[in-house]
Amino acid sequence: MSERIRVLVSGARGRMGREVVKAVLGDESLALVAAVDHNGMGEDAAVLAGLPACGVLLQGDLTAAIAETRPQVMVDFTNPASVLENVRTALAARVAPVVGTTGLSTKDMEEIADWAAANETGCLIAPNFAIGALLMMRFARDAARFFPNVEIIEYHHDQKLDAPSGTAIKTAELIREERQAIRQGHLQEEEKIAGSRGGDFDGMRIHSVRLPGLVAHQEVIFGALGQTLSIRHDSISRESFMPGVLEAIHRIGACKGLIYGLDKLIF
Ligand code: NAD
């Protein structure tokens, strides 16, 4: 058997991090070599994920973890305030980041592209790892050729820090590739409560719903004369993201530079 890919999980104590730890431990071609989190230092990463102990204990310092365990790939599911520095640290050590954390700005992404190129290392930033969500985005882009009037409604759990979601932004960017920019709605429409019409992205409206009980869901609604078309994807559990994360871990080593969107890696 070929050498196992050495994986570090950053944010290993979080909701997504624990799921990634479980997925990596369940893949015989991968080796979990380190688990980093600001909380829970010294706890066994597998136990946190609901499995028998694996001997990989949570540590707080990413630089030290990389130096000690020599990972090839860092999977990051942390938060918008931490992710940029984590990616910089990983790329400086030529560890390929697979980033699920959302909330990075265009400027952040440009910086990451420069660091990835300078270190000749691959880096994936994927707003959504669920294959069904990638298909939803692709179908929405196709539909926009025929239906320029569109609104996006995304629904997430109420602990999410950024709005709109990375998936909604990526969907709007893909739709923009196909449709003429138009101003939607009545020219004289007036918001009685600020924000009622949602965020404006190139004339499209994006609405963010935050409620306990939700995971990650999105509906793209197109309207035309006498008809509407709704394209919807639901991540019912965080397991939905894991096949995409594993695929990315396997493929990122063969890449150089920044890749934005899992679709670029697998379609
Ligand atoms: P969470 O709050 O449950 O977990 C985040 C974890 O990161 C916490 O344990 C926290 O202690 C840790 N952390 C914070 N800063 C850190 C740092 N500098 N180094 C190491 N650990 C650090 O959040 P979550 O629900 O797991 O979501 C994490 C991120 O993933 C969010 O940005 C969310 O939007 C995103 N997300 C992306 C996808 C996708 O498919 N791309 C899917 C779901 C969630």
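Reading the values: the criteria
- Residues numbered from 1 in each chain as written.
- Predicted model: local features only at pLDDT ≥ 70, side-chain atom pairs only at ≥ 80, totals over all residues.
- Heavy atoms only, no water.
- UniProt positions renumbered as here; feature names shortened; annotations may be inferred.
- Helix = DSSP H or I, 4+ residues; strand = E, 2+ residues; numbered from the N terminus.
- Rg over C-alpha atoms; globule rule 2.2 N^0.38 Å.
- Buried < 20%, exposed > 50% of the residue type's maximum accessible area, 1.4 Å probe, protein only.
- Areas by Shrake-Rupley, 256 points an atom, 1.4 Å probe, with all protein chains shown as cover.
- Lys, Arg positive; Asp, Glu negative; His and termini not counted.
- Charge placed at Lys NZ, Arg CZ, Asp CG, Glu CD.
- Phe/Tyr/Trp six-rings, centres within 6.5 Å; stacked < 30°, edge-to-face > 60°.
- Lys NZ or Arg CZ within 6 Å of the ring centre and 35° of its normal.
- Pairing = 2+ DSSP bridges.
- Right-handed = clockwise from strand over helix to strand, strands pointing away.
- 1 Å grid on protein atoms, 1.4 Å probe; cavity = no way out; pocket = protein on both sides within 12 Å on 5 of 7 lines; lining within 4 Å.
- Contact = heavy atoms within 4.5 Å.
- Disulfide = S-S within 2.5 Å.
- Axes fitted to C-alpha atoms, helices over the stretch in contact; angles between N-to-C directions.

The name given to the protein chain in an unreviewed UniProt entry is 4-hydroxy-tetrahydrodipicolinate reductase, and the organism recorded there is Heliomicrobium gestii. UniProt lists a comment for the protein chain under the heading Subunit (unreviewed entry), and it reads "Homotetramer." Of the comments in the UniProt record for the protein chain, the one headed Subcellular location (unreviewed entry) reads "Cytoplasm".

Trainee: Run through the overall build of the protein chain, naming residues and quoting values.
Mentor: Along its length, the protein chain carries 9 helices and 12 strands. Taking 18 Å as the expected radius of gyration for a compact globule of 267 residues, we find that the protein chain reaches 20 Å, a close match to that expectation. Over its C-alpha atoms, taken along the principal directions, the protein chain stretches across nearly 60 × 40 × 35 Å. In the protein chain, buried positions account for 50% of the 267 residues. Surface accessibility of the protein chain: about 13,000 Å² in total, with carbon and sulfur atoms responsible for 51%. Across the protein chain, the 27 positively charged side chains and the 34 negatively charged ones have centroids separated by 2 Å.

Trainee: Could you give an account of the packing of aromatic side chains, with specific residues and numbers?
Mentor: Ring pairs (aromatic) are described by centroid distance and by the angle formed between their planes. Here the structure, examined in full by the defined rule, presents 2 aromatic pairs. Taking 5.9 Å as the distance between ring centres and 55° as the angle between the ring planes, the aromatic pair formed by Phe 77 and Phe 129 counts as tilted. One end of the pair, Phe 77, is in the loop between strand 4 (73–76) and helix 4 (83–92); the other, Phe 129, is in the loop between strand 6 (122–125) and helix 6 (131–144), and 52 residues separate them in sequence. Across the pair, exposure class does not vary: Phe 77 and Phe 129 are buried alike. Lys 170 extends its terminal NZ or CZ atom over the ring of Tyr 260, reaching a point 4.4 Å from the ring centre. Note that Arg 232 overlies the ring of Tyr 155, its terminal NZ or CZ placed 5.0 Å from the centroid.

Trainee: Now, about the pairing of strand 1 (residues 5–10): what can you tell me, with residues and values included?
Mentor: Buried residues dominate strand 1, accounting for 5 of its 6 residues. Here 6 bridges tie strand 1 to strand 2 (residues 30–36), and the two strands are oriented parallel to one another. In the strand pairing of strand 2, Ser 10 is matched with Val 36. Handedness of the strand 1-helix 1 (residues 15–25)-strand 2 crossover: right-handed. The pairing of strand 1 with strand 4 spans 4 bridges and is classified as parallel. When the bridges of strand 4 are listed, Val 9 appears paired with Val 75.

Trainee: Mind laying out the UniProt feature "binding site: (S)-2,3,4,5-tetrahydrodipicolinate" (unreviewed entry) in the protein chain, listing which residues take part and the relevant values?
Mentor: The feature "binding site: (S)-2,3,4,5-tetrahydrodipicolinate" (unreviewed entry), as annotated in UniProt, sits at His 157, Gly 166 and Thr 167 in this numbering. When only the residues just named are considered, the largest pocket is lined by His 157, Gly 166 and Thr 167. The topology assignment puts His 157 in the loop between strand 7 (150–156) and helix 7 (166–178). Beyond its immediate chain neighbours, meaning those up to four positions away, His 157 contacts Arg 15, Arg 210, Leu 211, Leu 214, Val 215 and Arg 238. Within the secondary structure layout, Gly 166 lies in helix 7. Accessibility expressed as a relative area gives 13% for Gly 166, which makes it buried.

Trainee: Quick one: what's the story with the state of the cysteines, residue by residue and with numbers?
Mentor: One pass over the full model with this rule turns up 0 disulfides. Note on Cys 123: no disulfide assigned, nearest cysteine sulfur contributed by Cys 255 at a separation of 10 Å. Judged by its relative accessible area of 0%, Cys 123 is buried.

Trainee: Hey, could you go over the sheet that holds strand 4 for me, with residue numbers and the actual values?
Mentor: Spatial strand order, 3-2-1-4-5-6-12: 7 strands in an open sheet with parallel pairing. Of all the strands in the sheet, the pair left with one neighbour each is strand 3 (58–59) and strand 12 (257–260). Sheet topology places strand 6 next to strand 12; 4 bridges connect them, and they run parallel. Pairing of Leu 124 across the sheet is with Ile 259, part of strand 12. Its contacts with the sheet place helix 8 (residues 242–252) against strand 1, strand 2, strand 4, strand 5 (96–99), strand 6 and strand 12, and it is angled at close to 160° to strand 5.

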